[in-house]
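Chain residues, written in single-letter form:
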Amino acid sequence: MQAVNLRGPALIAKAALAWWTRQRSGSLVNIGSRTWLGGGHPGYAASKAGLVGLTRSLALTPIGVRSKAVAFLVSDQSPASPAWSSTSVPAPNSPSSSPDDPAGGGSSRSRGRA
């Protein structure tokens, strides 16, 4: 599980780092899971938490890498509600982080959830 969910993206980022350094920019989107916030299989949750850490670290590189993790959430609340939603995890102290969440995830109020 760690090899696919964390080591694979880390190796891809490592291979792209030389390219990004030459261009002084780059973009990376990792597929995460909200499981890292708690719940689910411990190994899976740990691998996705590591992926969020990797994504945030890449976003803080001085070479200008744009890095995001998206997590799709299946909802069974009502047939009228969207089948999925995506959330991204901004880097700490990024413009999209909020004062009440210094880790950069934004508050639940800022995303319209109670």
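Residues numbered from 1 in each chain as written. Predicted model: local features only at pLDDT ≥ 70, side-chain atom pairs only at ≥ 80, totals over all residues. Heavy atoms only, no water.

Draft legend 1. How the structure looks around the environment of Ile 31. In this structure, Ile 31 sits in strand S1 (residues 26-31). Residue classification places Ile 31 among the partly exposed positions, given a relative accessible area of 49%. (Helix = DSSP H or I, 4+ residues; strand = E, 2+ residues; numbered from the N terminus. Buried < 20%, exposed > 50% of the residue type's maximum accessible area, 1.4 Å probe, protein only.)

Draft legend 2. Up close: the packing of helix H1 (residues 2-23) against helix H2 (residues 42-59). It is the contact of H1 with H2, at a shortest axis distance of 8 Å, that shows an interaxial angle of 15°. One finds that H1 runs roughly parallel with respect to H2. Once H1 is placed against H2, the crossing between them reads as left-handed. Counting all contacts with H1, which are made through Gln 2, Asn 5, Leu 6, Pro 9, Ala 10, Ala 13 and Trp 20, the residues of H2 involved are Gly 43, Tyr 44, Ala 46, Ser 47, Lys 48, Gly 50, Leu 51, Leu 54 and Leu 58. Classifying every residue of the contact of H1 with H2 by side-chain character gives 10 nonpolar, 5 polar and 1 charged. (Axes fitted to C-alpha atoms, helices over the stretch in contact; angles between N-to-C directions. Parallel < 35°, antiparallel > 145°, perpendicular 65-115°, else oblique. Left-handed = near helix turned anticlockwise from the far one by under 90°. Contact = heavy atoms within 4.5 Å. Nonpolar A, V, L, I, M, F, W, Y, C, P; charged D, E, K, R; others polar.)

Draft legend 3. How the structure looks around H1. Relative to the 32 Å expected for 22 residues at 1.5 Å per residue, H1 spans 30 Å between its end C-alpha atoms, a close match to the ideal helical length. The axis of H1 is deflected most strongly, by about 40°, at Leu 17. Within H1, the full set of buried residues consists of Asn 5, Pro 9, Ala 13, Ala 16 and Trp 20. Once H1 ends, the next one or two residues include Arg 24, with phi positive near 60°. (Expected span 1.5 Å × (residues − 1). Bend = angle between axes of the 7 residues up to and from the residue.)

Draft legend 4. A look at unusual backbone geometry. Residues other than glycine seldom take positive phi values, yet Arg 24 does so here, at roughly 60°. With respect to the element layout, Arg 24 can be found in the loop between H1 and S1. Of the residues examined, Arg 24 reaches a relative accessible area of 52% and is grouped as exposed.

Draft legend 5. Just the side chain of Lys 48, in detail. With respect to the element layout, Lys 48 can be found in helix H2. Residues contacting Lys 48, with those up to four places away along its chain left out, are Asn 5, Ile 31, Gly 32, Ser 33 and Trp 36.

Draft legend 6. Main features of the nonpolar core. By size, the foremost hydrophobic cluster in this structure holds 9 residues: Ala 13, Ala 16, Trp 20, Leu 28, Leu 51, Leu 54, Leu 58, Ile 63 and Val 65. Of all the secondary-structure elements, those providing two or more residues to this core are H1 and H2. For Leu 54, the residues in contact, after removing those within four places along its chain, are Pro 9 and Ala 10. (Core = buried A, V, L, I, M, F, W, Y, C linked by side-chain atoms within 4.5 Å.)

Draft legend 7. Examining the side chain of Ser 67 more closely. Position of Ser 67 among the secondary structure elements: in strand S2 (residues 65-74). Among the polar contacts listed, one links the side chain of Ser 67 to the backbone oxygen of Thr 55, at a separation of 3.1 Å. (Polar contact = N/O pair within 3.5 Å; in protein donor to acceptor, adjacent residues only side chain to side chain.)

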